[in-house]
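In case you want the letters, here they are:
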Amino acid sequence: MMPLADTHVHLLAGLDDGPRTDDEAMAMCRMLVAEGARSAAATAHLHPEFPENTPEHIIAATARLAEQLREQQIPLTVTPTAEIVLSDDLAERWQTGRILSVGNLNKYLLVEMPHGVFLDYRPAAVALQPFGIRIIVAHAERYEPLLNDPALAVEWIAAGCLMQVTAEAIADPPGYDEAAMKLWAQRGMIHLLGSDGHRIDRRKPELQLGYAKLKKWMGAAAAERVGSIWGTAVLQGLPVQPPAPKPPSTSWFTRLLGA
Ligand SMILES: [Fe+2]
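Cut-offs and rules
- Residues numbered from 1 in each chain as written.
- Predicted model: local features only at pLDDT ≥ 70, side-chain atom pairs only at ≥ 80, totals over all residues.
- Heavy atoms only, no water.
- Helix = DSSP H or I, 4+ residues; strand = E, 2+ residues; numbered from the N terminus.
- Rg over C-alpha atoms; globule rule 2.2 N^0.38 Å.
- Buried < 20%, exposed > 50% of the residue type's maximum accessible area, 1.4 Å probe, protein only.
- Contact = heavy atoms within 4.5 Å.
- Areas by Shrake-Rupley, 256 points an atom, 1.4 Å probe, with all protein chains shown as cover.
- Lys, Arg positive; Asp, Glu negative; His and termini not counted.
- Charge placed at Lys NZ, Arg CZ, Asp CG, Glu CD.
- Salt bridge = Lys/Arg side-chain N within 4 Å of Asp/Glu carboxyl O.
- Polar contact = N/O pair within 3.5 Å; in protein donor to acceptor, adjacent residues only side chain to side chain.
- Donors = N, O, S within 2.8 Å, 3.2 Å for Na, K, Ca; no water.
- Tetrahedral: all angles 85-135°; square planar, octahedral: opposite > 155°, others 65-115°.

Caption draft 1: Main features of the overall build of the protein chain. A tally of regular secondary structure across the protein chain gives eleven helices and seven strands. In terms of overall dimensions, the protein chain is globule-like: its C-alpha atoms have a radius of gyration of 18 Å, near the 18 Å expected for 259 residues. A principal-axis box enclosing the C-alpha atoms of the protein chain has dimensions of 65 × 40 × 30 Å. The 259 residues of the protein chain split such that 53% are buried. Nonlocal contacts in the protein chain, meaning residues at least 24 apart in sequence, comprise 75% of its contacts between residues at least 6 apart. Summed over all atoms, the accessible surface of the protein chain reaches about 11600 Å², with 56% contributed by carbon and sulfur. Taking the average place of the 23 positive charges on the side chains of the protein chain and the average place of its 30 negative ones, the gap between the two points comes to 7 Å.

Caption draft 2: Region of interest: the pattern of salt bridges. All told, the structure shown has nine salt bridges when counted by the stated rule. With a closest N to O distance of 2.9 Å, Glu24 and Arg20 form a salt bridge. By relative accessible area, which is 7% here, Glu24 ends up buried. With its nearest N and O atoms 3.3 Å apart, the salt bridge here joins Asp196 to Arg142. Of this pair, Asp196 sits in the loop between β7 (192–194) and α9 (208–218) while Arg142 sits in the loop between β5 (134–137) and α5 (144–147), and the two are 54 residues apart along the sequence.

Caption draft 3: Structural context of the side chain of Ser101. Looking at the element boundaries, Ser101 is found in the loop between α3 (90–95) and β4 (108–112). Ser101 sits in the buried class, given a relative accessible area of 0%. Polar side-chain contacts of Ser101 include one of 3.2 Å to the backbone nitrogen of Leu105. For Ser101, the contacting residues outside a window of four places in its chain are Pro80, Trp94, Asn106, Lys107, Tyr108 and Leu109.

Caption draft 4: The coordination of the iron ion, seen in detail. Protein-derived coordination of the iron ion comes from His8 (NE2), His10 (NE2), Glu83 (OE) and Asp196 (OD), at a distance range of 2.1 to 2.5 Å. Taken together, the four donor atoms coordinating the iron ion and their angles of 77 to 167° define a geometry best described as irregular.

Caption draft 5: Structural detail: the side chain of Glu141. The residue Glu141 is located in the loop between β5 and α5 in this model. Lacking a salt bridge, the buried Glu141 has Arg142 as its closest oppositely charged neighbour, with an N-O distance of 5.2 Å. A polar atom in the side chain of Glu141 sits 2.8 Å from the side chain of Thr166. Among all residues touching Glu141, those that are not within four sequence positions of it are Leu147, Gln164, Val165, Thr166, Ala169, Asp177, Met181 and Trp184.

Okay, structure coming up:
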């Protein structure tokens with residue numbers, strides 16, 4: 001099996017609501033390796049709730065984590081990553097250097113929705129295009145208006161967004177979500193897999209069950225692109241060109257009617 005890439009996992013001890021200690025972070029990294037990952041976006045929130053987090057702080061904490069991984073011979077490559085809150089002025093924030101791209105490589109931003117509202121990602125995605133930056137929609141499955149409106153998701157993808165979904169949510173979805181997520185998978189609207197792991201005892205850094213479900217829904221080759229190939233590329237700042245989403249499938253009866 002190709003090594004998996006976790007494109008969203010909170011691994012930086014003490015920086016946010018992720019691991020509390022270095023030992024917990026190491027235990028999470030060991031778990032990720034056991035889950036088949038060899039690379040991970042070491043993610044921390046860039047959020048007013050955590051005012052001490054800056055791009056420089058996240059980069060330094062990731063370098064420290066990488067050193068500990070080397071010392072303990074844990075085969076996981078970690079990439080400094082900020083989880084950024086979507087705002088109207090995201091492109092301006094990017095220009096002023098106040099936010100951190102995945103790996104500090106100036107290609108991808110991991111962007112979540114502010115709590116309690118539903119915002120359109122397209123204006124920010126379009127405003128960032130001249131800078132060669134693409135938005136990764138963090139835990140895209142969490143946004144019900146998006147999940148339940150595949151046509152909207154297709155438009156966000158057309159604007160350059162990549163859809164990152166949470167392995168645990170795919171593996172064990174709340175009942176109403178499963179059909180929508182399966183549809184996304186079958187239409188090629190899932191691009192990246194992340195555990196969104198936070199702790200060793202809850203919201204664990206797990207990938208395998210979600211990956212197995214993706215294989216079932218998309219087929220092995222497509223799941224490998226999502227779980228491994230595109231994620232690894234993104235963490236290295238390399239371009240990815242997922243095919244456009246497939247059109248919605250029609251039932252045999254609709255086809256019979258020529259509709
Ligand atoms: Fe997160």
